[in-house]
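# Secondary and tertiary structure notes
Spelled out from the first residue to the last, the chains are:
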Amino acid sequence: MNSIGKLQQRNTEQSRSMDEQSHDTDRRKSSFIWNSRHLMQLVALILLASTASTTTLATRIDCDLYIAESTIPNAGLGIYTAVAKSSGDNIGNGDKAIPLVDMLWHAGDYSDDETLVGEVEYVHFFNPTQDYVWHGIGMGMDFESELQDDITTFWPGVDAMINCNLGLLNVIKSTPKYDEAGLHRNLHPGAGGITPYDGVPTKVVRDIPAGGELFKHYGDEWFSGRPHFGNIPLSADYEAILELMTGLHKMIHSLGMPEHISSSMIYDDLVLPIKKIWNSRTLNALFDFDWSDVEAAVEARDFGILLQPNATRSLDWLDEHGKCIDHIVHGPSTIEGAGHGAFAKRDLPKGTIITGTPLIHFPDRSVLGMYEPRTTSTGRMVRDVEKGPYSEQVLVNYCFGHPDTTVLLCPYGAGVNYINANRTQANVKVQWAQDGQTNHKSAWLLKDPQYMEFEYRTMLAIDYVALRDINEGEELFLDYGDAWEQAWVEHVKAWKAVEGREEYISATQFNAKYSDTPVRTLEEQNENPYPKNLAINCHPVLVESVFLDYNHEGNYADPYDFIDKAGWIPEKKGFPCDIVKRDSATETYEVSINYTENDESYVKFHKDVPRKAISFVDHPYTTDMHLPNAFRHPIGIPDEMLPDAWRNKVSQYNHL
Ligand SMILES: C[S@@+](CC[C@H](N)C(=O)[O-])C[C@H]1O[C@@H](n2cnc3c(N)ncnc32)[C@H](O)[C@@H]1O
């Protein structure tokens, strides 16, 4: 029963007991006394009703997802579902994935390139995103850059904040979809000012009880490469321990032991002593479980059931210690040309903390500057520092900055990166989180920005607060501040559509529109070329070794069956190929692919390739966010929030 229900019950109980008292009263007493009792009842009821209305205001707002301290010791914050989930369900609403294109190169960090020693100034910069980024290739961003090792994704939000517990994996990582949100470089000054990698919900792969923490796989290497974690069990160890204990269980039960020997004695006297002296990852998966626990897991064929209780918090605990991260959904903004926007998932009364989010801190925003290339005397391409930066990483548009400081703070929370600027209709404001909440250390507001360079963990956090009652479905707006407003107005005034924009269409849109249209051969393309930003790729399954990989997993008889079943996997987007011939009757193609083996290149021809094995991709650096005139400006840290200690104004690297 919710608090209103309880209150109503209390009211009824109270009035019932008052009624009973009045029955006990001597009916012969004067009607005046009787009436005054009624009067008192009435007053009491009015008082109770007024308490009821205050209680209604303080009533807990629904919330499906929380951020709070993880159940894994020393793992920082974790994400919890407040409603039970079944395998196959979705969690969260998805969050923007923000590409960091050639960030090390642009920041001047060539530390892995010895040929440049003595030729350029090396910059070993503090990169606060290093523990918070994903490889861009697994996120479908491989075509944004030529430097495949230097395309990473800053991916704030639910999916990115989920911890890893290898014995209780209950969700899998999602892959964002490419969506320009209706912006076109022909029409919109905002084109290129947003990341087109839009969030999709996270998928549940194991039933989770209400209050359960979410866990996804980081890969075993993540743990084996961090010796300070000790010999913690890896994925295979949980499978192995289940097999081992199933074997032990069978053996014990087939032995026909004397009555005074119990199964748990064998476990306690044989298995646990071995576990004590042999620090094995597999045996460590037994933790402190007793034999009855282990038998339950064996019967359920699932060791995870033993881990679940410790990985579950009560809803009251979450409400008290956590912050809701589920009040925001996203969709096309109501502001023309602004891209995606954030919307209230439910009614949010004035003063509600809509969400709270930790912040990733850049002591010096200039490391996000982007530079033209110049060629060194040894023929290497390095950044041209002399010319200065021509732009900044699109990440800047999602972070908080201020003209008086080099500090840039990037929210790591769910939904917040969708909130657009609207000064006159702002219904949300930001404020520093309370000390200790969502990792916020208010002492950091007194530190010099350089101090921040030594800390990779998040130490600052903000809350987003409703400035007035907000109705479900209303778009959320923030006042981005004077500097942003001025920059936007100037940008729109100066903006001119770039050359070649009429024919521009991103590969994602082109594929969606023309997936069934025949592909032109090389000869036809001479007459009728495709837009310059597009290249043609053939499915990786054409390359024998890759097909064998897939076939091993899926046993596909026909190589192209694979494409129907699994589509084009983002990590393996295929190989550049040329269309040599088209057979219109069978709708198949002859294509050629260039291979390099042992430093030798050769061309191989593949026949009878179906249309579905051919796709269009973007040439690197051609999508909107690479436009030289794309808008860049951080959201303003409100003046009253900017600590004096951060007012350093001058960039350490002095490039911006
Ligand atoms: C934090 S993002 C907001 C979400 C963004 N609309 C998206 O689709 O990813 C900030 C960027 O959104 C765009 N934006 C926000 N408010 C806008 C507005 N009122 N008009 C035009 N563009 C806006 C600008 O490109 C800005 O730099």
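With an unreviewed UniProt entry as reference, the protein is termed SET methyltransferase domain containing protein, source organism Nitzschia inconspicua.

## Digging into the overall build of the protein
Summing up its helical and strand segments, the protein has 16 helices and 30 strands in all. For the protein, buried positions account for 48% of its 656 residues. Counting only carbon and sulfur atoms, one obtains 52% of the accessible surface of the protein, whose full area is about 33300 Å².

## Quick look at the layout of surface pockets
If you add up the space inside the largest pocket, you get close to 1900 Å³. When residues of the lining of the largest pocket are traced back to their parent elements, those giving at least two are β5 (133-135), α4 (158-161), α5 (220-224) and α10 (304-307). Take the lining of the largest pocket: its biggest share by element is three residues, from β5. Here the residues of the lining of the largest pocket sort into 29 nonpolar, 14 polar and five charged. Both domains that meet at the lining of the largest pocket, namely domain 2 (65-215 + 327-486) and domain 3 (234-306), each give it at least three residues.

## Description of the state of the cysteines
The full count for this structure, using the stated rule, is three disulfides. Between the sulfur atoms of cysteine 538 and its disulfide partner cysteine 577 the distance amounts to 2.1 Å. Because the sign of the S-S torsion sets the handedness, a value of about 80° for the bond joining cysteine 538 and cysteine 577 places this disulfide among the right-handed ones. Remark: cysteine 577 occurs in strand β26 (residues 575-583) and cysteine 538 occurs in strand β25 (residues 534-538); sequence separation between them is 39 residues. In the protein, the cysteines engaged in disulfides, taken in order along the sequence, are linked 1-2, 3-4, 5-6.

## Thoughts on the sheet that holds β5
On the basis of which strands lie adjacent, the open sheet formed by three strands has the order β4-β6-β5 and antiparallel pairing. Two strands in the sheet have a free side with no partner beyond their single neighbour: β4 (98-101) and β5. Strand after strand, the sheet turns through a mean of 35° between neighbouring axes, direction not considered. Two elements, β4 and strand β6 (residues 151-154), share four bridges in a ladder whose sense is antiparallel. Bridge pairing in β6 links proline 99 to threonine 153.

## Notes on the nonpolar core
Counting residues in each nonpolar core, the largest one holds 49 residues, and the members touching the most others are Ile79, Phe154, Leu368 and Leu395. Sorting the residues of this core by element identifies β1 (65-69), β2 (77-81), β4, α3 (103-107), β6, α4, β14 (353-362) and β20 (408-411) as the ones contributing at least two each. In this view, leucine 395 contacts Ile98, Leu100, Phe154, Phe362, Leu368 and Cys410; residues no more than four positions away in its chain are not counted. Membership of the second largest hydrophobic core comes to 36 residues, among which are Leu359, Val416, Leu460 and Trp484.

## Points about the packing of aromatic side chains
To describe a pair of aromatic rings, you give the distance between the ring centres and the angle between the ring planes. Under the counting rule described, the total for this entry stands at 23 aromatic pairs. Relative to tyrosine 602, the ring of tyrosine 595 lies with its centre 5.5 Å away and its plane at 20°, an arrangement referred to as stacked. Among the residues examined, tyrosine 602 registers a relative accessible area of 34% and is labelled partly exposed. Here a set of aromatic residues connected by ring pairs shows up, and it is made of Tyr218, Trp222, Phe223 and Phe229. Against the face of tryptophan 222 rests arginine 226, its NZ or CZ located 3.9 Å from the ring centre. A cation over a ring is seen here: arginine 520 above tyrosine 530, with NZ or CZ 4.1 Å from the ring centre.

## Points about the sheet that holds strand β27 (residues 588-597)
Strand order in the open sheet formed by five strands is β28-β27-β26-β25-β29, with antiparallel pairing between adjacent strands. In the strand order of this sheet, the two ends are held by β28 (600-610) and β29 (614-618), each with one partner. The mean angle between the axes of side-by-side strands here comes to 45°, regardless of whether they run parallel or antiparallel. Pairing geometry for β25 and β29, over five bridges, is antiparallel. Each bridged residue has a counterpart across the sheet, and for isoleucine 536 the counterpart in β29 is phenylalanine 616. Against the sheet, helix α13 (residues 507-514) touches β25 and β29, its axis set at about 155° to β29.

## Description of the site of the ligand
Around the ligand, 19 residues are found, and the nearest of them are Ala338, His340, Tyr398, Asn420 and Ala421. Between the ligand and asparagine 397 there is a distance of 3.3 Å, counted from an oxygen atom to a side-chain nitrogen or oxygen. Side-chain polar atom of tyrosine 398 to an oxygen atom of the ligand: 2.6 Å apart, as the coordinates give it. Surface burial for the ligand is 96%, taken as the share of its 560 Å² of free accessible area covered by protein chains. Contributions of two or more residues to the shell around the ligand are made by β21 (420-421) and α12 (482-494). Across the shell around the ligand, the residue classes tally to twelve nonpolar, six polar and one charged.

What counts as what
Residues numbered from 1 in each chain as written. Predicted model: local features only at pLDDT ≥ 70, side-chain atom pairs only at ≥ 80, totals over all residues. Heavy atoms only, no water. Helix = DSSP H or I, 4+ residues; strand = E, 2+ residues; numbered from the N terminus. Buried < 20%, exposed > 50% of the residue type's maximum accessible area, 1.4 Å probe, protein only. Areas by Shrake-Rupley, 256 points an atom, 1.4 Å probe, with all protein chains shown as cover. 1 Å grid on protein atoms, 1.4 Å probe; cavity = no way out; pocket = protein on both sides within 12 Å on 5 of 7 lines; lining within 4 Å. Points joined across faces, edges and corners; volume = space filled by probe spheres on them. Nonpolar A, V, L, I, M, F, W, Y, C, P; charged D, E, K, R; others polar. Domains from an automatic or database assignment. Disulfide = S-S within 2.5 Å. Pairing = 2+ DSSP bridges. Axes fitted to C-alpha atoms, helices over the stretch in contact; angles between N-to-C directions. Core = buried A, V, L, I, M, F, W, Y, C linked by side-chain atoms within 4.5 Å. Contact = heavy atoms within 4.5 Å. Phe/Tyr/Trp six-rings, centres within 6.5 Å; stacked < 30°, edge-to-face > 60°. Lys NZ or Arg CZ within 6 Å of the ring centre and 35° of its normal. Near = heavy atom within 4 Å. Polar contact = N/O pair within 3.5 Å; in protein donor to acceptor, adjacent residues only side chain to side chain.

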